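Working through the structure, step by step
Each chain, written out:
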Amino acid sequence: MHESEKTPLIVVDDDEATRKLLQRQLELAGYQVRAFNDGRAALEAIQTLGAGMVICDWSMPEMDGIELVQALREMEELHVLGHVHFILLTAHNGKERIVEGLKAGASDYLTKPYHVGELMARIAVGQRMLALREELLHHSLELQKTNAQMAVLAGELDRLANTDGLTNLPNRRCLFEQLEKSWATADQTGQPLSCVMLDIDRFKSINDTYGHATGDTVLKAVADAIRDHAQRTEWCGRLGGEEFVLFFPGSALAAAAQAAEQLRNDVAAKPVRSGEHRIGVTISCGVAEKTVVAACADDMIRNADAVMYTAKENGRNQTWAYADDDQAHPVRNGVIVAAEGLPAATPTTSVSRARNRPPEDRVESTHAHIDHQ
Ligand SMILES: [Mg+2]
């Protein structure tokens, strides 16, 4: 350790001769010394100067060495002062007194008359301990900083893992996680839960006609419309390809059907601008609700998917609902058309047919490009 790096020392003794002798010996050894004749004056100085090393007499009239070290340790505990290495210097040499001094908070103990060599050696030990503490503190601050950075990164990773990169909507993984939670809550509370599956009509031909960049613009525009429509308590996201899903905790089929129709009308009314093109975009929606028949969230999604396919087969830009009669019902003017209003069942409106459509038309993974056309 260089002389200049030595901790400044504070010497406290009410006996002038001892104080001056100590100061001279320490200064000769290369230390900067501040000397005080009383504990109170030393305490005030330490509060201003900060932590370091104190060599202190035990018996003093105003504030003795024990009271001083106790005051310093209290400040340390309150984090208003760093660590002080406190060497108690006294004529008391009984073992009980040494124990008492150390218990009060002294770091070390030396009896008068002291041996100069021993005093210097003990000061050097104190210096090493202070340096080690400093190093530990530095490492602990670095660690805290690293932990804070890691927490930010973990948050960002989590966001990325749950977000669709193109539309910034929750992705399939996040949606299904949320859906499972909402399903469990609905199971517990008996509250309804419904969902809307939607698919951009003729998306493949948009891509083929205008290119993939425009296709992406259309996907983002539909995502924005969905986001605008979703209330705080509702969930929406991109399942993959041009398929999206919304689900409505607390809402029954009729409310979800109404919401789907509003969204469908809004999308149809607002052509998407891409360069010089204004592209008319429509969506087909399928609505389903959690029922006693739908045993799990996947069943409900499958039902919504089936009636969305029915909407496609019946001309697209429509909303169909999977009602509790296990049939596909069209939604007109925001209202689910009752069974007696339905045209005679045809293979195209049959839910069972939609269920049995070929596997390549079903959503199996985020990588699947689903083109219901
Ligand atoms: Mg004294």
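A brief look at the structure comes next. As the structure is a prediction and not an experimental result, all values here were calculated from the model. (Residues numbered from 1 in each chain as written. Predicted model: local features only at pLDDT ≥ 70, side-chain atom pairs only at ≥ 80, totals over all residues.)

Attention now moves to the overall build of the chain. Across its full length, the chain carries 11 helices and 14 strands. Scored against the burial criterion, the 373 residues of the chain give a buried share of 34%. For the chain, the proportion of contacts with a sequence separation of at least 24, taken over those separated by at least 6, is 63%. (Helix = DSSP H or I, 4+ residues; strand = E, 2+ residues; numbered from the N terminus. Buried ≥ 20, exposed ≤ 12 C-beta atoms within 10 Å, placed from the backbone. Contact = placed C-beta atoms within 7 Å.)

Moving on: the sheet that holds strand 14 (residues 335-336). Taken in spatial order, the seven strands of this open sheet run 7-8-6-11-12-13-14, and their pairing is mixed. Sheet topology places strand 7 (235-240) and strand 14 at the edges, where each strand pairs with a single neighbour. Inspection of the sheet shows strand 6 (residues 193-200) paired to strand 11 (residues 283-289) by seven bridges, in the antiparallel sense. When the sheet's bridge partners are listed, Met197 is paired in strand 11 with Gly286. (Pairing = 2+ DSSP bridges.)

Close contact between helix 7 (residues 203-210) and helix 8 (residues 212-229) brings their axes to 7 Å; oriented N to C, the two are set at 140 degrees. With respect to their mutual orientation, helix 7 and helix 8 come out oblique. Counting all contacts with helix 7, which are made through Phe203, Ile206, Asn207 and Tyr210, the residues of helix 8 involved are His212, Thr214, Gly215 and Val218. Its residues placed into classes, the contact of helix 7 with helix 8 shows four nonpolar, four polar and no charged. (Axes fitted to C-alpha atoms, helices over the stretch in contact; angles between N-to-C directions. Parallel < 35°, antiparallel > 145°, perpendicular 65-115°, else oblique. Nonpolar A, V, L, I, M, F, W, Y, C, P; charged D, E, K, R; others polar.)

What follows deals with the sheet that holds strand 4 (residues 85-90). Sheet architecture is open: five strands sit in the order 2-1-3-4-5, paired in parallel fashion. In this open sheet, the two strands that pair with only one neighbour each are strand 2 (33-36) and strand 5 (108-111). The mean angle between the axes of side-by-side strands here comes to 20 degrees, regardless of whether they run parallel or antiparallel.

Below, the discussion takes up the pairing of strand 13 (residues 328-332). Where burial is concerned, most of strand 13 is hidden: four out of the five residues are buried. One ladder, built from four bridges, connects strand 12 (residues 319-322) with strand 13; its direction is antiparallel. Note on strand 13: the bridge partner recorded for Thr319 is Val331. In textbook terms, the turn of a hairpin is the stretch between consecutive antiparallel strands, and for strand 12 and strand 13 this stretch comprises five residues, one of which, Asp326, has a positive phi near 70 degrees. Pairing between strand 13 and strand 14: two bridges, direction antiparallel. Opposite Arg332, over in strand 14, you have Val335 as the bridge partner. The antiparallel pairing of strand 13 with strand 14 creates a hairpin that spans two residues between the two strands, and Asn333 there sits at a positive phi of about 50 degrees.

Attention now moves to helix 2 (residues 39-49). Turning to helix 2, its buried residues are Gly39, Ala42 and Ile46. The buried residues of helix 2 occupy an angular sector of 60 degrees when the element is viewed end-on, so they sit on one face. Turned more than 90 degrees from where helix 2 packs its buried face, Glu44 and Thr48 sit exposed. Looking at the buried residues of helix 2, the elements they touch are strand 1 (9-12), strand 2, strand 3 (53-57) and helix 3 (65-77). (Arc of directions from axis to C-beta.)

Burial analysis of strand 6 places eight of its eight residues in the buried class, which makes it a mostly covered element. Taking every second residue as pointing to the same face, both faces of strand 6 are buried, with Leu193, Cys195, Met197 and Asp199 on one and Ser194, Val196, Leu198 and Ile200 on the other. Pairing of strand 6 with strand 8 (residues 243-249), which is carried by seven bridges, proceeds in the antiparallel orientation. Residue pairing across strands places Leu193 opposite Pro249, the latter belonging to strand 8.

Here we take up the packing of helix 2 against helix 3. Where helix 2 meets helix 3, the axes come as close as 9 Å, and the angle between the chain directions of the two elements is 25 degrees. Here helix 2 is positioned roughly parallel relative to helix 3, judged by the angle of their axes. Judged by the sense of rotation from one axis to the other, the crossing of helix 2 with helix 3 is right-handed. Each of Gly39, Ala42, Leu43 and Ile46 in helix 2 lies in contact with helix 3, whose residues at this interface are Gly65, Glu67, Leu68, Ala71 and Leu72. Each residue belonging to the contact of helix 2 with helix 3 can be placed in one class, and the counts come to six nonpolar, two polar and one charged. (Left-handed = near helix turned anticlockwise from the far one by under 90°.)

Turning to unusual backbone geometry, a few remarks are in order. Residue Pro113 is bonded to the preceding Lys112 through a cis peptide linkage, with omega at -5 degrees. By the element assignment, Pro113 lies in the loop between strand 5 and helix 5 (116-162). We note that Arg316 has phi near 70 degrees; this positive angle belongs to a residue other than glycine. Structurally, the position occupied by Arg316 is in the loop between helix 10 (297-313) and strand 12. A positive phi angle, near 50 degrees, is found at Asn333, a position not held by glycine. When you line up the elements, Asn333 lands in the loop between strand 13 and strand 14.

Let's shift gears to the environment of Glu243. Here Glu243 shows up in strand 8. Spatially, the C-alpha atoms of Glu243 and Met197 are 7.3 Å apart, while their sequence positions differ by 46 residues.

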